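A closer look at the structure
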Amino acid sequence: MLRLGHVYSAVIANPHAGFVRRRPGLLRQLERAAGREAELCFTQDEGALLRTAQRLAREGFQHVAIVGGDGTASATLTDLAKAYGEGLLPIISLLRGG
């Protein structure tokens, strides 16, 4: 897990989102941008998304950026809410990607 100051950060990206597919170099750019400051998580399907959300909650990630469209954002927020349960949700950033 990587730290940004005192906040554990992750970027969840949907490689199938329209914006991402139309820009083949975008995922590589995300990897470079995240670097050592955030963990980059690619989710291929809904099952992977829920497992990723559960792991982020279990490991105490406090900031999650979401790259994808409306469907990706709503599915990710739903799974984060399930995973974090009664605890505080992480800070959420929505990055253009749909």
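Okay, so let's go over this structure. Keep in mind the model is a prediction, meaning the values are calculated, not measured.

Between helix α3 (residues 46-58) and helix α4 (residues 70-84), the least distance of the axes is 8 Å, while the angle of their chain directions is 45 degrees. Classified by the angle between their axes, α3 and α4 sit oblique to one another. Helix-helix and strand crossings are classified by hand; for α3 and α4 the assignment is right-handed. Within the contact between the two elements, α3 uses Glu-46, Leu-49, Leu-50, Ala-53, Gln-54, Leu-56 and Ala-57 and α4 uses Ala-75, Thr-76, Asp-79, Leu-80, Lys-82, Ala-83 and Tyr-84.

Here Arg-22 shows up in the loop between α1 (18-21) and α2 (26-34). A C-alpha to C-alpha distance of 35 Å links Arg-22 and Leu-88, two positions 66 residues apart in sequence.

Another aspect to go through is the pattern of salt bridges. A full pass over the atoms with the stated rule returns three salt bridges. One salt bridge connects Glu-39 with Arg-55, and the closest N-O pair in it is separated by 2.5 Å. Highlighted residues: Glu-39 in strand β3 (residues 39-42) and Arg-55 in helix α3, separated in sequence by 16 residues. A salt bridge links Glu-59 to Arg-55, with the shortest nitrogen-to-oxygen separation between them at 3.3 Å. Residues participating in the shared-partner salt-bridge network are Glu-39, Arg-55 and Glu-59.

Criteria and thresholds
- Per-chain numbering applies: the sequence of each chain, read as written, is numbered from 1 onward.
- Reporting in this predicted model follows two pLDDT cut-offs: at least 70 for local features of residues, and 80 or more for side-chain atom pairs to be given and counted; totals over whole chains, interfaces and linings ignore these cut-offs and use all residues.
- Only hydrogens and water are set aside; all other atoms, that is, all heavy atoms of the structure, feed into the side-chain values.
- Every axis corresponds to a line fitted to the C-alpha atoms, with the helix fit spanning only the stretch in contact, and the corresponding angles, defined between N-to-C directions, vary from 0 to 180 degrees.
- Under the DSSP-based scheme used, a helix requires at least four consecutive residues in state H or I and a strand at least two consecutive residues in state E, with every element numbered from the N terminus.
- Angular relationships are summarised with four words: roughly parallel below 35 degrees, roughly antiparallel beyond 145, roughly perpendicular across 65 to 115, and oblique for the angles in between.
- A crossing counts as left-handed when the near helix is turned anticlockwise from the far one by less than a right angle, and as right-handed when that turn is clockwise.
- The contact criterion used throughout is that any non-hydrogen atoms of two residues lie within 4.5 Å.
- Salt bridges are defined by distance alone: a side-chain nitrogen of Lys or Arg within 4 Å of a carboxyl oxygen of Asp or Glu.

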